[in-house]
Amino acid sequence: MLLEAHRLSKSFGGLRAVDEVDFTVAAGSITGIIGPNGAGKTTFFNLISRALPATSGRITFDGQDVTGLQAHEIARRGLARTFQATTLFADATALDNVLVGYRQRTKAGLWDALIRSGRLAREEREAEAAARDTLAVVGLADLADRQARNLTQEQQKRLAMALALVARPRLLLLDEPSAGINAEQTRGLIALIEAIAAGGVTVCLIEHQMQVVMHLCDRIMVLDYGKKIADGTPEEIRQDPAVLEAYLGHK
Ligand SMILES: Nc1ncnc2c1ncn2[C@@H]1O[C@H](COP(=O)(O)OP(=O)(O)O)[C@@H](O)[C@H]1O
Ligand SMILES: [Mg+2]
């Protein structure tokens, strides 16, 4: 398993936002996390990407215990994520946004900058090449010089994926990639996620559109009030009485 969570929990005061969740992501798979609003999905991503410390439980990534690592340390080991609300530098170009993503993960230190300007120049060229390649992967090659603020909502989502992808992660976490885009754009996004997975990146996504998860995912976990209430193939999840109950009960 590329990622394993063992009885992972997070409390905010008296609220158990994530409650003793066991979860695994197999290398090469696309795994989905669904559940009603407030079920703890984003908090769960925050725990496994180490953006938030867990209250209890354990996380392993590629067989190594990463429970105590900082977010940037787990990022360097190959875990990348996007956020539910897209976070871009609005005034910067698409290319510069991706370069920021690249530098955050490959940081040449200040000392390097001072004493090895030759190497730095080479690294700059490598960074730009990687950024342009990644823009092509997400379908934005022709928009490299456009300011992020002048991209459509859907293009901004693709750009956010490029930022996460540029350092070639092994595991990509996507928080509601289809939020705020229309049905046709969603089809394009599904094709992109399939292409990313086919390129060897393991994908885990939180998604509220049932047809998207059912179509894309090998396995799905369902959260409700912080607890895992089901875990299985799309077929199993579709027929699970606890899942139907959770969704109907919240309407
Ligand atoms: N930083 C926080 N402080 C306090 N409560 C939070 C915090 N983040 C999330 N919560 C609460 O935890 C629960 C789960 O939230 P969240 O993980 O965002 O759910 P989801 O992504 O499934 O909609 C909600 O009740 C939410 O209000
Ligand atoms: Mg959320």
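Cut-offs and rules
Residues numbered from 1 in each chain as written. Chains lettered and ligands numbered in written order. Predicted model: local features only at pLDDT ≥ 70, side-chain atom pairs only at ≥ 80, totals over all residues. Heavy atoms only, no water. Axes fitted to C-alpha atoms, helices over the stretch in contact; angles between N-to-C directions. Helix = DSSP H or I, 4+ residues; strand = E, 2+ residues; numbered from the N terminus. Parallel < 35°, antiparallel > 145°, perpendicular 65-115°, else oblique. Left-handed = near helix turned anticlockwise from the far one by under 90°. Contact = heavy atoms within 4.5 Å. Nonpolar A, V, L, I, M, F, W, Y, C, P; charged D, E, K, R; others polar. Donors = N, O, S within 2.8 Å, 3.2 Å for Na, K, Ca; no water. Buried < 20%, exposed > 50% of the residue type's maximum accessible area, 1.4 Å probe, protein only. Pairing = 2+ DSSP bridges.

A. Structural view of the packing of helix α6 (residues 153–165) against helix α7 (residues 183–198). Between α6 and α7, whose axes approach to 11 Å, the crossing angle comes to 15°. Compared by their axis directions, α6 and α7 come out roughly parallel. When you trace α6 past α7, the crossing you get is right-handed. Residues Glu154, Arg158, Met161 and Leu165 of α6 form the contact with α7, whose participating residues are Gln185, Gly188, Leu189, Leu192, Ile193 and Ile196. Each residue belonging to the contact of α6 with α7 can be placed in one class, and the counts come to six nonpolar, two polar and two charged.

B. Structural view of the coordination of the magnesium ion (ligand 2). Of the protein atoms, only Thr42 (OG1) and Gln84 (OE1) coordinate the magnesium ion (ligand 2), at distances of 2.1 to 2.5 Å. Pair noted here: Thr42 is in helix α1 (residues 41–48) and Gln84 is in the loop between β6 (79–81) and α3 (94–106), with a separation of 42 residues, a long-range link. Judged by its relative accessible area of 27%, Thr42 falls in the partly exposed class.

C. Region of interest: the sheet that holds strand β3 (residues 30–34). An order of β6-β7-β8-β3-β9-β10 is seen for the six strands of this open sheet, with the pairing classed as mixed. The open sheet has two edge strands, β6 and β10 (227–232), and neither has a second partner. Going across the sheet, the axis of each strand differs from the next one's by a mean of 15°, ignoring polarity. Strands β3, β9 (219–224) and β10 of the sheet are contacted by helix α10 (residues 241–249), whose axis makes an angle of about 130° with β10.

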